[in-house]
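Here's the letter readout for the chains.
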Amino acid sequence: MDFSADFGTAVREHLRRTEDRNAATLEEVAARLLDVVRAGRLVHTAAAGHSLAAVLETFYRAGGLACVRPLFHPGLLPLHGAQASTQLERVPGLAATMVAQAQVRPGDVGVIFSNSGVNAFPVELADELKKRGAYVVAFSSRPHMDAAPARSFAKLGELADAVLDTGIPPGDAVVPTPSGTTAALSTLCSTYLWNLLLVRLTTLAGDLPIPLWQSSNLPGGDSANERFLDQYRAHVPML
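K.L.:
How should I be thinking about the packing of helix α2 (residues 23-39) against helix α9 (residues 186-205) in this particular structure?
P.N.:
Between two packed helices, both the angle of their axes relative to each other and the distance between the axes serve to describe the pair. The interhelical angle for the contact between α2 and α9, taken along N-to-C directions, is 60 degrees, at an axis separation of 8 Å. Taken together, the axes of α2 and α9 lie oblique to each other. Considering how the two elements wind past one another, α2 and α9 form a crossing that is right-handed. For the pair α2 and α9, contact is made by Leu26, Glu27, Val29, Ala30, Ala31, Leu33 and Leu34 and by Leu193, Leu196, Leu197, Arg200, Leu201, Leu204 and Ala205, respectively. Taken together, the residues of the contact of α2 with α9 break down into 12 nonpolar, no polar and two charged.

K.L.:
Looking at this structure, how should I read the packing of aromatic side chains?
P.N.:
Within the structure shown, the criterion is met by four aromatic pairs. On the numbers, 6.4 Å between centres and 45 degrees between planes, the contact of Phe59 with Tyr60 is tilted. Since its relative accessible area comes to 18%, Phe59 is described here as buried. Taking the centre distance of 4.5 Å and the plane angle of 45 degrees together, the rings of Phe113 and Phe139 count as tilted. Placement of Phe113 in strand β3 (residues 109-113) and of Phe139 in strand β4 (residues 135-140) is noted, with a sequence separation of 26 residues between them. For Phe113, a relative accessible area of 3% puts it in the buried group. Among the aromatic residues, those joined into a ring-pair cluster are Phe59, Tyr60, Trp213 and Phe228.

K.L.:
Just to check I follow, could you spell out helix α5 (residues 94-102) for this structure?
P.N.:
Given 3.6 residues to a turn, an α-helix orients residues that are three or four positions apart in the same direction. For α5, every residue scored as buried is listed here: Leu94, Ala95, Met98, Val99 and Ala102. Buried residues in α5, looked at end-on, bunch into an arc of 120 degrees, giving them a common side. In the stretch just after α5, Gln103 is the one whose phi turns positive, near 55 degrees.

K.L.:
Got a minute to help me understand the packing of α5 against helix α6 (residues 120-131) in this structure?
P.N.:
The N-to-C vectors of α5 and α6 enclose an angle of 40 degrees; their axes lie 8 Å apart at closest approach. It follows that α5 is oblique to α6 by the angle criterion. For the pair α5 and α6, the sense of crossing is right-handed. Contacts between α5 and α6 involve Leu94, Ala95, Ala96, Met98 and Val99 from the former and Phe121, Glu124, Leu125, Glu128 and Leu129 from the latter. Considering only residue class, the contact of α5 with α6 consists of eight nonpolar, no polar and two charged.

K.L.:
I would appreciate a short explanation of the nonpolar core in the present structure.
P.N.:
A general trend in soluble globular proteins is that nonpolar side chains are found buried together. Of all hydrophobic cores here, the largest spans 65 residues; its most connected members are Leu65, Leu125, Leu129, Phe139 and Leu197. With residues up to four places along the chain from it excluded, the contact list for Leu129 reads Leu71, Val99, Val104, Gly110, Ile112, Ala134 and Val136. Among the nonpolar cores identified, the runner-up in size contains nine residues, and Ala10, Val11, Val174 and Leu185 belong to it.

K.L.:
Would you explain the environment of Leu212 in this entry?
P.N.:
Topologically, Leu212 is positioned in the loop between α9 and α10 (221-232). When its relative accessible area of 27% is taken as the criterion, Leu212 is described as partly exposed. Taking the C-alpha atoms as reference, Leu212 lies 7.6 Å from Ala62; in sequence the two are 150 residues apart. Setting aside residues no more than four positions away along its own chain, Leu212 makes contact with Gly63, Gly64, Leu65, Thr202 and Phe228.

K.L.:
I keep staring at the side chain of Asp172 and nothing clicks. Help me out?
P.N.:
Mapped onto the elements, Asp172 comes out in the loop between β5 (162-165) and β6 (173-177). Summary of buried charges: Asp172 has no salt-bridge partner, and the nearest side chain of opposite charge, Arg21, is 12 Å away. A polar contact is formed between the side chain of Asp172 and the backbone nitrogen of Leu185, at a distance of 2.9 Å. In this structure the side chain of Asp172 is engaged in a polar contact, spanning 2.6 Å, whose partner is the side chain of Ser186.

The rules behind these values
Residues numbered from 1 in each chain as written. Predicted model: local features only at pLDDT ≥ 70, side-chain atom pairs only at ≥ 80, totals over all residues. Heavy atoms only, no water. Axes fitted to C-alpha atoms, helices over the stretch in contact; angles between N-to-C directions. Helix = DSSP H or I, 4+ residues; strand = E, 2+ residues; numbered from the N terminus. Parallel < 35°, antiparallel > 145°, perpendicular 65-115°, else oblique. Left-handed = near helix turned anticlockwise from the far one by under 90°. Contact = heavy atoms within 4.5 Å. Nonpolar A, V, L, I, M, F, W, Y, C, P; charged D, E, K, R; others polar. Phe/Tyr/Trp six-rings, centres within 6.5 Å; stacked < 30°, edge-to-face > 60°. Buried < 20%, exposed > 50% of the residue type's maximum accessible area, 1.4 Å probe, protein only. Arc of directions from axis to C-beta. Core = buried A, V, L, I, M, F, W, Y, C linked by side-chain atoms within 4.5 Å. Lys, Arg positive; Asp, Glu negative; His and termini not counted. Salt bridge = Lys/Arg side-chain N within 4 Å of Asp/Glu carboxyl O. Polar contact = N/O pair within 3.5 Å; in protein donor to acceptor, adjacent residues only side chain to side chain.

In structure tokens form, the structure reads like this:
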């Protein structure tokens, strides 16, 4: 797809194709999320680098699931050191410590955002989550994952139970210019897929109440959220 001629139109078409391509997987993952809600379990979301923007969309977000616990290390955030965050994502061993601290249990779901799916952190994270009985969902670009060299014992798509494919070309940025390629799409596509999941989850749930945060900037929002804070704070210390 040529994103350079009419970027807005091309992106909208890419999102449409992304939804169509992932339709069956979205239904499968939404059903798993419903199982989590019914069983009182948790969804553990994780990423490194700029993929952490997608994790923010999953956590304490207006309209978002309250039963989400991020698996987060400050060193993975570029704001704490851009180059250092890239290097830390490639360091073996970090994921095991984080999963152990989160006390992941069977029946939980793990969601990993990694466009390339080849660095040590997301790969080891998937492995550790599966060892503890979690169902693992990867948000990745299969074209990028296929093209990038593995930096660990596997690639994320080989370990995940389900892959939601963003379909983004290798490199993430898609518009060539004389100064280099610009307009990265991974955050936009991952956020779109996540929200598609939430809509499908609430549709599948029918009359079953889903724990959804409300905006704290609307009347009654704080009081509505208080019950979820009380319910999940013991298991989600970030709250």
